Amino acid sequence: MKQPSLGNPQNTIAVLQKYQFVFQKKFGQNFLIDTHVLDKIIRAADIGPDDFVLEIGPGIGTMTQYLACAARKVAAVEIDRALIPILEDTLSGYENVRIINQDVLKVDLAALAEEENGGKPIKVVANLPYYITTPIIMGLFEKQIPLQSITVMVQKEVAERMQVGPGTKDYGALSLAVQYYAEPYIVAYVPPNCFMPRPKVGSAVIRLTRHEKPPVEVKDEKLMFQVIRASFGQRRKTLANGLKNSPELDYTKEEIEAAILSLGKGASIRGEALTLAEFAALADQLLLSRSGS
Ligand code: SAM
């Protein structure tokens, strides 16, 4: 297999000029031009010769070349049609890469994992388009896709939100959802000059290792996430008011206050003080308050 040729500014510019490529802001196109960062991502993703890797948004194929050298097979899903002839060029000689020209949010990824990996857990690696980071990550977790890990470049603040615990300003629905499904670990911070064009924000590589079993048990997962969303929907409100005002929930003031009290918390507690285990207990209590009626 060929050694990766991309990942530095000169070769990236040469490819862009050859194809007169015009960056599409709407697709969040910031291409990596730093080989050290690429090496770090590949190492953190822990790709072996038996692995099937899904890459989201290959761009001109920079990281794809690295992934192809490490994995058994790579499927690279790219939305921008203008990049397909470029990818066919930069990835010629990498026989184990399949290019899919589609919006990743519309791809049946469970079927892809079945076809390419016999339904076994897959690894996802990407320098994500930042405008759809959350829907991509939540989609991967919620759509029953067999997953081993997700190693992705995201906006620095989003990486921090995924990793923090209760009582911090960044703690919220995303932290709880990610931590319910996976163990987050920030691998590296990456400055804007590692990309072309430079993004306006700082970036970070985060690895999310899927839990074999969620760290908490809850009777109704859907209800727990409704409770979590309601708790952070109105940050300056108390937990009780957040739950009472949620359009997704239909519990009386008394039921809500009794459920919060059962956690050993006062009525003025705010959502950002609760752990994942406490949200699970709260959802179970609310469920219980209706089971007899
Ligand atoms: N992986 C390349 C790199 O690191 O140089 C490019 C990363 S760039 C931040 C994000 C890539 O995702 C772009 O190539 C963009 O066209 C693509 N993209 C944006 N939205 C997408 C979507 N909904 N589905 C698939 N690819 C998408």
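Cut-offs used in this document
- Position numbers for residues start from 1 in each chain and track the written sequence from start to end.
- Per-residue local features of the predicted model are confined to residues with pLDDT of at least 70, and side-chain atom pairs are confined, for both listing and counting, to 80 or more; whole-chain, interface and lining totals are unaffected and use all residues.
- Water and hydrogen atoms were dropped before computing side-chain values, which therefore reflect all heavy atoms in the structure.
- A cutoff of 4 Å decides nearness: a residue is near a molecule or strand if any of its heavy atoms lies inside that distance of it.
- Identification of polar contacts relies on pairs of N or O atoms within 3.5 Å, with a donor-acceptor requirement for protein atoms, meaning one able to donate a hydrogen and the other able to accept it, and with residues adjacent in sequence counted only if both atoms are side-chain atoms.
- Using a 1.4 Å probe, accessible areas were evaluated by the Shrake-Rupley method; residue-level cover was limited to the displayed protein chains.
- Working definition: helices are DSSP H or I runs of at least four residues, strands are E runs of at least two. Numbering for both runs from the N terminus.
- In this count, Pro and Cys sit with the nonpolar residues alongside Ala, Val, Leu, Ile, Met, Phe, Trp and Tyr, while Asp, Glu, Lys and Arg are called charged and the others, Gly among them, polar.
- Any two strands are treated as partners once DSSP identifies two or more bridges connecting them.
- Axes, fitted as lines to C-alpha atoms, cover a helix only where it is in contact. Angles between the N-to-C directions of the axes lie from 0 to 180 degrees.
- In this description, contact between two residues means that some pair of their heavy atoms is separated by no more than 4.5 Å.
- Classification of residues uses two cut-offs on accessible area relative to the type maximum, computed with a 1.4 Å probe and protein chains only: under 20% is buried, over 50% is exposed, and between them is partly exposed.
- Buried Ala, Val, Leu, Ile, Met, Phe, Trp, Tyr and Cys residues that are joined via side-chain atoms within 4.5 Å together make up what is termed a nonpolar core.

(A) View of the site of the ligand. Surveying the vicinity of the ligand reveals 23 residues, the closest of which are Leu32, Gly57, Glu78, Asn127 and Tyr131. Interatomic distance of 2.9 Å between a backbone N/O atom of Val104 and a nitrogen atom of the ligand. If the ligand stood free it would expose 590 Å²; the protein chains cover 99% of that surface. Among the elements of the structure, strand S1 (31-32) and strand S3 (73-78) are those that each provide at least two residues to the shell around the ligand. For the shell around the ligand, the per-class residue count stands at 12 nonpolar, 7 polar and 4 charged.

(B) Quick look at the sheet that holds strand S6 (residues 147-155). Strand order in the open sheet made by the 7 strands is S4-S3-S2-S5-S6-S9-S7, with mixed pairing throughout. Because the sheet does not close on itself, it has two edges, and the strands there are strand S4 (97-101) and strand S7 (182-190). Neighbouring strand axes in the sheet, compared pairwise and without regard to direction, differ in orientation by 20 degrees on average. Here strand S2 (residues 52-56) pairs with S3 via 5 bridges, running parallel. In the strand pairing of S3, Leu54 is matched with Ala75. Against the sheet, helix H2 (residues 35-45) makes contact with strand S5 (122-127), S6, S7 and strand S9 (203-210), and its axis sits at roughly 155 degrees relative to S6, the strand it touches most. Strands S2, S5, S6, S7 and S9 of the sheet are contacted by helix H6 (residues 133-142), whose axis makes an angle of about 175 degrees with S6.

(C) Examining the pairing of S9 more closely. Burial analysis of S9 places 6 of its 8 residues in the buried class, the great majority of the element. Pairing of S6 with S9, which is carried by 7 bridges, proceeds in the antiparallel orientation. For Ser149, the partnering residue across the bridge sits in S9 and is Thr209. As defined by bridge partners, S7 adjoins S9 across 8 bridges and the pair is classed as antiparallel. Looking at S9, one finds that Glu183 is bridged to Thr209.

(D) Inspection of the nonpolar core at higher detail. In terms of nonpolar packing, the biggest core is built from 67 residues, with Ile56, Leu140, Leu208, Met224 and Leu282 touching the most fellow members. Among the elements that take part in this core, helix H9 (residues 221-233) stands out by supplying 7 residues, more than any other. Within the second largest apolar cluster, 25 residues are counted, among which are Ala71, Tyr94, Val97 and Cys194.

(E) Expanded view of the side chain of Thr133. Along the chain, Thr133 falls in helix H6. On the accessibility criterion, Thr133 (4% relative accessible area) is buried. Contacts of Thr133, omitting those with residues within four sequence positions, involve Leu128, Val154, Val158 and Met162.

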